[in-house]
Amino acid sequence: MKIIGISLLMMGCLMGFSLDIDILQGFDVSQALYNAVSPFRVMEVAELFVLFFLVFLFFTESVYLFIKQRKGNEGQ
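The structure displayed is predicted, hence computed values, not measured ones. (Residues numbered from 1 in each chain as written. Predicted model: local features only at pLDDT ≥ 70, side-chain atom pairs only at ≥ 80, totals over all residues. Heavy atoms only, no water.)

Asker: Kindly report on the packing of aromatic side chains, identifying the contributing residues and their values.
Answerer: Each aromatic ring pair is described using two quantities: the centre-to-centre distance and the angle formed by the ring planes. The final tally for this structure, using the stated rule, is two aromatic pairs. Consider the rings of Phe49 and Phe53, whose centres lie 6.2 Å apart with planes at 15°: the pair is stacked. With Phe49 and Phe53 both in helix 3 (residues 45-74) and four residues apart, the pair spans about one turn of that helix. Since its relative accessible area comes to 59%, Phe49 is described here as exposed. Aromatic pair Phe58 and Phe59: ring centres 5.5 Å apart, planes at 70°, arrangement edge-to-face. (Phe/Tyr/Trp six-rings, centres within 6.5 Å; stacked < 30°, edge-to-face > 60°. Helix = DSSP H or I, 4+ residues; strand = E, 2+ residues; numbered from the N terminus. Buried < 20%, exposed > 50% of the residue type's maximum accessible area, 1.4 Å probe, protein only.)

Here it is, written out as structure tokens:
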């Protein structure tokens, strides 16, 4: 769970930094948000599938390791 938390924290900080830079350049908030998600708008279906598959594997592995660790601690 630490890996997921750290990853989400890093993603949030980097997106916030990107939005702040866009706002400081004179964009309004909606344009800054559009700039943050625009790379995902040009992805093809196969690329989106691979992206979501890799994210799914990341979360699945993290949950599996968390459950495995939790069951190991209950047995002691």
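Asker: Before we move on, can you summarise the side chain of Ser62 with the specific residues and values?
Answerer: Residue placement: Ser62 occurs in helix 3. Engagement of the side chain of Ser62 in a polar contact is seen with the backbone oxygen of Phe58, the distance being 3.0 Å. (Polar contact = N/O pair within 3.5 Å; in protein donor to acceptor, adjacent residues only side chain to side chain.)

Asker: Could you give me a rundown of the packing of helix 1 (residues 2-24) against helix 2 (residues 29-41), with the residues and numbers involved?
Answerer: Relative orientation of the contacting elements helix 1 and helix 2 amounts to 130°, with a least axis distance of 9 Å. On the basis of the axis angle, helix 1 is oblique to helix 2. Seen from above, helix 1 lies across helix 2 with right-handed handedness. Here helix 1 contributes Met15, Leu19, Asp22 and Ile23 to the contact with helix 2, which in turn contributes Val29, Ala32, Leu33, Asn35 and Ala36. Across the contact of helix 1 with helix 2, the residue classes break down as seven nonpolar, one polar and one charged. (Axes fitted to C-alpha atoms, helices over the stretch in contact; angles between N-to-C directions. Parallel < 35°, antiparallel > 145°, perpendicular 65-115°, else oblique. Left-handed = near helix turned anticlockwise from the far one by under 90°. Contact = heavy atoms within 4.5 Å. Nonpolar A, V, L, I, M, F, W, Y, C, P; charged D, E, K, R; others polar.)

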